[in-house]
Amino acid sequence: MTTRLQHPNRLSLTARGLACVGALLLASACDLEEGADLDADLELDAAGHDFRTGIYNPFPDLDVNVDPTSGRRLNTNHSGGWEFSTMITSPTAPLPPKGVRLVSVETGAFQQNMSWEQHDTPEHVQVDVASLGTAEHMLVGAVAGGGPNLRHSDFHDSTWTVKIDGAALDDWQSNLQGVVATEVWENGERFALVELRLTVGWSNLPMGGGQPDPQGSSEEAWEKAYAGVGGVPLYTFWFEKDGSFDPDDVGWFPTCAKPQGATLYNTAAVIYEDVLVAEDGPDTGQVSQHPDALYIGCVAGAAGKAGTWGYWPDSMGTSTYPSASLINFETTVRMVRADYCGDGVSHTKEGTLIGVADRMAINDPELNLSATAESGYEAVWYAGGADCVNYVRDPSLGSSVSCGGIVKPTCTQLGSGSTYSYFQWAPYTHFLTYDPAAVPVPTISIPPLTL
């Protein structure tokens, strides 16, 4: 498991009144997804034409200071429209919903991205699949047969072979996808073997987070230092299409799609170890532990976005209550989607700005946040959803939220005097969302110039 990383003021607001596109939104996020049903096949751009690159981008990147993507969708990972979110590294462990079996990983050729990266890893060798995990939020593993340890950049351009339910072959055929795959049969069951390529990269550093101070000159020391001041390790998986149904539909495509209707998006993902996020049915948004699991959280979806905001499933616990980390992670996933009732139902739409603050020294409250009018605070959050709701993020859904026939109280109705004081006081709530446009702009007093 990783150590806790703090990202002070990762989302601190420094610009106001700007539109989502092109705005410098350091404390706000934008819901960039159409309000479609979660399980609608057409919610993802399955063909990939809108984000096709021809060749895969060598190094995924993400500006954590201006990227405003968030919304209804939990995840966007797929291969030709066949959705999957979890790779299981054990050959015998049961597959969860939207899970695939990881069969093999082979390292690729060295390519330098960051100046500190060194050519110290064998090329084109097999990785011990069972050794794969994360540390400091980076992918780690070891070369098979007792070889050297691998970390993050060592996996660049690696090949990952996954075994998918054979129904995917029929799905690709009927939807004219042309995904490159091999049909195999095992014990009378039909599967598809798909080779994915992985490219790795980094986000930039959050403003106010400081500069890396590595303890040594090694690649590992630099990577740990960069992650320690808020750099987000990023991963993009790619699948291949052969143009068998459309000669123009050929090449490598990122598995992380954009939600339908989104204008700002990123095809990178973060990776969580031993974590599952339920993506369908009444348990949607529920987070649980699952051994031998690598969860691929696309940053275009809520599960991946939580990590880019500094909310990692293994870094928000305490020494006396380590399981609180998963609980808090689930809270942030629900917070991104405006899942007030904790039942998987989202109450947001494309283009909605939100601000985020917490009591965990990850995203510090903005300077004048406590002076915001009550109408500017959206909700205070806990694991079951919102503890209280002052306004609905998507106003077309009404002015209040009913959960199981019971209307969620406003935060002032809880008797604390104000939403902000309740956020600061309540022992089991750690997160606050608000309308960034409602926060008073600080008055800056400039002393007279003395000559």
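Here the structure is a predicted model, which means the values were calculated and not measured.

Draft legend 1. A look at the pattern of salt bridges. According to the stated counting rule, one finds 16 salt bridges in the structure shown. Residues Glu-220 and Arg-151 are paired through a salt bridge, measuring 3.3 Å at the closest nitrogen-oxygen approach. Residue Glu-220 is found in helix α2 (residues 219-228), and its partner Arg-151 is found in strand β10 (residues 149-151); the two are separated by 69 residues along the sequence. Among the salt bridges present, the one from Arg-197 reaches Asp-157, with a minimum N-O distance of 2.8 Å. Of this pair, Arg-197 sits in strand β13 (residues 189-203) while Asp-157 sits in the loop between β10 and β11 (158-165), and the two are 40 residues apart along the sequence. Under the relative-accessibility criterion, Asp-157 is labelled buried at 11%.

Draft legend 2. Representation of the nonpolar core within the structure. Of all hydrophobic cores here, the largest spans 42 residues; its most connected members are Met-87, Leu-132, Phe-155, Trp-160 and Leu-196. Among the elements that take part in this core, β13 stands out by supplying six residues, more than any other. In this view, Phe-155 contacts Val-127, Leu-132, Leu-139, Val-140, Gly-141, Leu-150, Trp-160, Leu-198 and Val-200; residues no more than four positions away in its chain are not counted. Leu-62, Leu-74, Val-333 and Phe-431 belong to the second-largest nonpolar core, a separate cluster that totals 40 residues.

Draft legend 3. α2, seen in detail. Within α2, the full set of buried residues consists of Glu-219, Ala-221, Glu-223, Ala-225, Tyr-226 and Ala-227. Lining the buried residues of α2 we find β9 (138-142), β10 and β13.

Draft legend 4. Quick look at the environment of Phe-423. By the element assignment, Phe-423 lies in helix α5 (residues 419-425). The class of Phe-423 is buried, set by a relative accessible area of 0%. Each C-alpha atom, one on Phe-423 and one on Asp-358, is 8.6 Å from the other, the two residues being 65 residues apart in sequence. Ignoring any residue separated from it by four or fewer positions in sequence, one finds Phe-423 in contact with Ala-357, Asp-358, Arg-359, Pro-365, Val-380, Thr-429, His-430, Phe-431 and Leu-432.

Draft legend 5. Seen up close, the sheet that holds β10. Reading across the sheet, the three strands line up as β8-β9-β10 and stay open at both edges, with antiparallel pairing between neighbours. The sheet is open, and its two borders are formed by β8 (133-135) and β10, each paired with just one other strand. The sheet shows a mean angle of 40° between the axes of neighbouring strands, taken without regard to direction. Sheet topology note: the β9/β10 ladder contains three bridges and is antiparallel. Across the sheet, Gly-141 pairs through a bridge with Leu-150, a residue of β10. Its contacts with the sheet put α2 on β9 and β10, and the angle it makes with β10 is roughly 35°.

Calculation rules
- Residues numbered from 1 in each chain as written.
- Predicted model: local features only at pLDDT ≥ 70, side-chain atom pairs only at ≥ 80, totals over all residues.
- Heavy atoms only, no water.
- Salt bridge = Lys/Arg side-chain N within 4 Å of Asp/Glu carboxyl O.
- Helix = DSSP H or I, 4+ residues; strand = E, 2+ residues; numbered from the N terminus.
- Buried < 20%, exposed > 50% of the residue type's maximum accessible area, 1.4 Å probe, protein only.
- Core = buried A, V, L, I, M, F, W, Y, C linked by side-chain atoms within 4.5 Å.
- Contact = heavy atoms within 4.5 Å.
- Pairing = 2+ DSSP bridges.
- Axes fitted to C-alpha atoms, helices over the stretch in contact; angles between N-to-C directions.

Honestly, it's all geometry; don't read function into it.
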